[in-house]
Amino acid sequence: MPRPSRRTALNASATAAALCLVLAGCAGPGASPSESEGGAVTDKNPFGVAANTKVDIVVFDGGYGTEYAKYAAGLVEKQIGDGVTVQITPSNNLSQSLQPRFVGGTPPDSFTNDGADAIPITSIQDQLEDLGEFWDTKNYDGVKVSDAVFPGVKEVGEYDDAYLNANYVMTLFSLWYSQSLFEENGWKPPTTWSEMGDLCTEAKAKDKYLFTFGKEAAVYYQWLVLDSAIKQGGIDVIDDISNLEPGAWSNAAVKDVLGEMEGLIDDGCFVPGGAGTQFTQAQAQWSNDQDALFYYSGSWIESEMKEATADGFEMTAWPAPLLDAGDAALPFEAVQAGPAIPWAVPKAAASTAGGKEFLRALFSKEAASKFSELTLAPTVVKDTVPADGFGSSALASTMGVMEGAGDDLFSWVSNSYSGYYGIQDAPYWVSFLGGDITAQELIDAEEKLSAAAAADTSKPKKEYDYGK
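None of these values were measured; they are calculated from a predicted model.

## Digging into the packing of helix H9 (residues 193-205) against helix H12 (residues 252-266)
At step 1: At a minimum axis distance of 10 Å, the contact between H9 and H12 shows a crossing angle of 5 degrees. The orientation of H9 with respect to H12, classified from their angle, is roughly parallel. In this structure, H9 contributes Trp193, Met196 and Gly197 to the contact, and H12 contributes Val257, Glu260, Met261 and Leu264.
At step 2: Looking at the contact of H9 with H12 residue by residue, the classes come out as 5 nonpolar, 1 polar and 1 charged.

## Details of the layout of surface pockets
At step 1: As a volume, the second largest pocket reaches approximately 940 Å³.
At step 2: In terms of lining residues, the second largest pocket is bounded by 38 residues, among which Pro151, Met170, Ala337, Leu409 and Phe410 are the most central.
At step 3: Sorting elements by how many residues they give to the lining of the second largest pocket places helix H17 (residues 393-405) first, with 4 residues.
At step 4: Of the residues contributing to the lining of the second largest pocket, the split by class is 20 nonpolar, 9 polar and 9 charged.

## Side note on the pattern of salt bridges
At step 1: Applying the stated criterion across every chain, the model contains 6 salt bridges.
At step 2: Glu133 is the partner of Lys356 in a salt bridge, and the nearest nitrogen-oxygen pair spans 3.2 Å. Residue Lys356 is located in helix H15 (residues 352-362), and its partner Glu133 is located in helix H5 (residues 132-135); the two are separated by 223 residues in the primary sequence.
At step 3: Of the residues examined, Lys356 reaches a relative accessible area of 6% and is grouped as buried.
At step 4: Across the pair Glu373 and Lys370 runs a salt bridge whose closest N-O atoms are separated by 3.4 Å. Of this pair, Glu373 and Lys370 both sit in helix H16 (residues 365-375), separated by 3 residues, roughly a single helical turn.
At step 5: Take Lys370: its relative accessible area is 22%, and that puts it in the partly exposed class.
At step 6: In this structure, a network of salt bridges that share partners links the residues Glu129, Glu133 and Lys356.

## Describing the side chain of Thr192
At step 1: Here Thr192 shows up in the loop between helix H8 (179-185) and H9.
At step 2: Within the local environment of Thr192, its side chain forms a polar contact with the backbone nitrogen of Glu195, the two atoms lying 3.1 Å apart.
At step 3: Apart from the residues within four sequence positions on either side, Thr192 is in contact with Pro321 and Leu322.

## Observations concerning the domain arrangement of the protein chain
At step 1: Entries for the protein chain in the domain assignment read domain 1 (54-168 + 339-388) and domain 2 (172-337 + 410-455).
At step 2: A separation of 31 Å is found between the C-alpha centroids of domain 1 and domain 2.
At step 3: Between domain 1 and domain 2, the residue contacts involve 7 residues of the former and 5 residues of the latter.
At step 4: Per-residue buried area on domain 1 facing domain 2 is highest for Tyr64, Pro339 and Leu376; these three make up 53% of the total on that side.
At step 5: At the junction of domain 1 and domain 2, the tally comes to 0 salt bridges.
At step 6: For the pair domain 1 and domain 2, the number of links is 0 residue pairs in polar contact (both at pLDDT 80 or more).
At step 7: Each residue belonging to the side of domain 1 that touches domain 2 can be placed in one class, and the counts come to 5 nonpolar, 2 polar and no charged.

## Structural notes on helix H20 (residues 439-455)
At step 1: Spanning 17 residues, H20 covers 24 Å between terminal C-alpha atoms, matching the ideal 24 Å at 1.5 Å per step.
At step 2: Taken residue by residue, H20 has Ala439, Leu442, Ile443, Ala445, Glu446, Glu447, Ser450 and Ala453 as its buried positions.
At step 3: Where H20 is buried, its residues meet helix H10 (220-233), H12, helix H18 (417-421) and helix H19 (426-433).

## Topic: the state of the cysteines
At step 1: Evaluation of the coordinates by the stated rule reveals 1 disulfide.
At step 2: Note that Cys200 is cross-linked by a disulfide to Cys269, the S-S spacing being 2.0 Å. An S-S torsion of about -100 degrees defines the bridge between Cys200 and Cys269 as left-handed. Note that Cys200 is positioned in helix H9 and Cys269 in the loop between H12 and helix H13 (279-287), a separation of 69 residues in sequence.
At step 3: Classification of Cys200 by relative accessible area gives buried; the value is 1%.

About the cut-offs
Residues numbered from 1 in each chain as written. Predicted model: local features only at pLDDT ≥ 70, side-chain atom pairs only at ≥ 80, totals over all residues. Heavy atoms only, no water. Axes fitted to C-alpha atoms, helices over the stretch in contact; angles between N-to-C directions. Helix = DSSP H or I, 4+ residues; strand = E, 2+ residues; numbered from the N terminus. Parallel < 35°, antiparallel > 145°, perpendicular 65-115°, else oblique. Contact = heavy atoms within 4.5 Å. Nonpolar A, V, L, I, M, F, W, Y, C, P; charged D, E, K, R; others polar. 1 Å grid on protein atoms, 1.4 Å probe; cavity = no way out; pocket = protein on both sides within 12 Å on 5 of 7 lines; lining within 4 Å. Points joined across faces, edges and corners; volume = space filled by probe spheres on them. Salt bridge = Lys/Arg side-chain N within 4 Å of Asp/Glu carboxyl O. Buried < 20%, exposed > 50% of the residue type's maximum accessible area, 1.4 Å probe, protein only. Polar contact = N/O pair within 3.5 Å; in protein donor to acceptor, adjacent residues only side chain to side chain. Domains from an automatic or database assignment. Buried area = accessible area lost by both parts, 1.4 Å probe. Expected span 1.5 Å × (residues − 1). Disulfide = S-S within 2.5 Å.

Here you go:
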């Protein structure tokens, strides 16, 4: 199996990996691209989609839904005409629904590879089209697609010198709070962990907590810890952890941030009972009940909690705190943000031209703006969100925080080592946040899991370098 490049984005479970290794073995690598479809290649139809083609699109039906894909489908039908139609099929179990199609040589023309049941890219790498041609083509606005998106987006989908994924959503990972609640109480969001502790004291005086967590999403607080440690100690912190270096979890910045969080846990700054609480219920404790001041998550949080958010909540993004601004490697304004929700075009698709044409529509300003309007989340397409964030304080603040970071954006969750190696560390984070194990015991557990992954020869080792 070819070794994926350092930018490989892998978010699949071990079960899905095993399933799709079977898939790859049955289908065989290097499936031939579909024959020419006979459509005339023009500026309006650069991929040559043939008349009367029925373009087959499978979309992960998760937090962002599928309405945005249906909208882009309409743009394709209007742009190409000639009886071309686009069928959008939602899926919650991509591996299960697409396995027989790949094996049978009838994959969709394009699909989103997302969710807990996503297909590990290495298992179908040789069965996907190189999207280099797509990136070099002009979108519906007359702009080359690679120029229409934020810097680095194209490269995230690169595997062994081929562009196999086109990631669509720009995801910000940050603290989230209610600006209206803070203004009502005269609170200021903290920039350091010391200030975070002071705010916990003030929150408890109002019968509130600092944080809440749910058992399925305890790992969100791993993101907070590591994002803060990266800002304090530099990008080498996450490079060493991801490259399974012995002792990487004992890095001073990681230990110190975990120590700060342990102090908050011991001081009763977390809503009790998180280990037995479903994660959306925990999130509702924050967004609807306002029992907790902060929640750490990706920028999908507003869309996910839209039915369980208090009126006037004013959901707002805020960067992870520092230990000490005086010797931090990155400024407080630095945040983790990067492209996610990868789209791909199978080589054996009935209409690879149709799949690429759908992506061309999707990466237009009109489709990207509609996505943000529908989901209240930004895409990778530049200049598509108005200043008021379509009336969303969360979306407006997401754009403001990313712009405020300038060149100090970094990204690692979408290219996580734990997803690639199948490291199951979530139970330890549940125990830590619940106060059942210490920070040192958590570090020891992570070190053992990393050592086991390093010793496992069943999967080729990746070399991570998030600083490039």
